[in-house]
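# Observations on the three-dimensional arrangement
These are the residues of each chain, in order.
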Amino acid sequence: GIAHANITPSSIMVTETGGKISDLGLARVLAADEPITSFAQPGAVQYMDPALLAGDVPSRATDIWSLGACLHRALTGDGVYGEVPDTQPLLAIRAALSTPPALSENLDRDERTLIANCLALAGSRPSTAMEVAGAALRQTGHRVESTGGTITATTGNRLLTILLGALVHPSR
């Protein structure tokens, strides 16, 4: 498998037919035991799992944390660490390493649960995008079918469907 290692709102493309993850420039083969030593944009820090900033290796779980941070931004307009200036990456690193992410009061119950699950500590969060998507879509009223690495949702919240679909089916 591959870890994207740089999921940010700008790397999620949303179209009428769904969502896709783009910008695979920092993607890593999961077998590699190398921590992140750089990131593409200074503002990307606020979307990185704090474990990566502490030296952990990128994984599907760290991408899921990033998805949760992106969903929070998309649904509330706010970052999980508040507003951190893009030109101050050290402030963002300090916030990520010293402050737990804060969820907005503007999230509804289902959105809050989904994002909290994505931002949970490693080992407590879903281990694959399919797990996140299936649980979240079921929770938000979708009827979900999952076969052969594909998940199909028939009803429910369109924004969540698109963003979760982006992580499950990255663009090639």
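Predicted model, so just to flag it, every value in this text is computed and none were measured. (Residues numbered from 1 in each chain as written. Predicted model: local features only at pLDDT ≥ 70, side-chain atom pairs only at ≥ 80, totals over all residues. Heavy atoms only, no water.)

Another aspect to go through is the overall build of the protein. Counting its secondary structure elements, the protein contains six helices and six strands. Starting at the N terminus, the α and β elements of the protein follow one another as β-β-β-β-α-α-α-α-α-β-β-α. Residue burial in the protein is summarised as follows: out of 172 residues, 44% are buried. Relative to all contacts within the protein whose residues are 6 or more apart in sequence, the contacts with residues 24 or more apart total 55%. With an accessible surface of roughly 8700 Å², the protein has 54% of that area assigned to carbon and sulfur atoms. (Helix = DSSP H or I, 4+ residues; strand = E, 2+ residues; numbered from the N terminus. Buried < 20%, exposed > 50% of the residue type's maximum accessible area, 1.4 Å probe, protein only. Contact = heavy atoms within 4.5 Å. Areas by Shrake-Rupley, 256 points an atom, 1.4 Å probe, with all protein chains shown as cover.)

Under the defined criterion, the tally for this structure stands at one aromatic pair. Seen in terms of ring centroids, W65 and Y81 are 6.4 Å apart; in terms of plane orientation they differ by 25°. Their pairing is stacked. Taken as a pair, W65 in helix α2 (residues 60–76) and Y81 in the loop between α2 and α3 (89–98) lie far apart in primary sequence, 16 residues in all. We note that W65, like Y81, is buried. (Phe/Tyr/Trp six-rings, centres within 6.5 Å; stacked < 30°, edge-to-face > 60°.)

On to the nonpolar core. Of all hydrophobic cores here, the largest spans 25 residues; its most connected members are W65, V80, Y81, L114, I115, L119 and V132. Every element with two or more residues in this core is listed here: α2, α3, α4 (109–118) and α5 (129–139). The biggest single contributor to this core is α2, with six residues. Apart from residues lying up to four places away in sequence, I115 is in contact with G68, L71, H72, L75, L103 and L107. (Core = buried A, V, L, I, M, F, W, Y, C linked by side-chain atoms within 4.5 Å.)

Scanning the entire structure with this criterion turns up four salt bridges. Salt-bridge contacts for R125 lead to D49; the nearest nitrogen and oxygen are separated by 2.7 Å. Taken together, the residues span a long stretch of sequence, with R125 in the loop between α4 and α5 and D49 in the loop between β4 (28–29) and α1 (50–53) at a distance of 76 residues. In terms of burial, R125 and D49 fall into one category: buried. For the salt bridge of R73 with E83, the shortest nitrogen-to-oxygen distance reads 3.2 Å. Residue R73 is located in helix α2, and its partner E83 is located in the loop between α2 and α3; the two are separated by ten residues in the primary sequence. With relative accessibility at 57%, the residue E83 sits in the exposed group. (Salt bridge = Lys/Arg side-chain N within 4 Å of Asp/Glu carboxyl O.)

The next subject is α4. All buried positions along α4 are accounted for by D110, E111, L114, I115 and C118. Looking down the long axis of α4, one finds its buried residues gathered within 125° of arc, a one-sided arrangement. Looking at where α4 begins, the residue whose side-chain oxygen comes 3.0 Å from the main-chain nitrogen of D110 is D108. (Arc of directions from axis to C-beta. Polar contact = N/O pair within 3.5 Å; in protein donor to acceptor, adjacent residues only side chain to side chain.)

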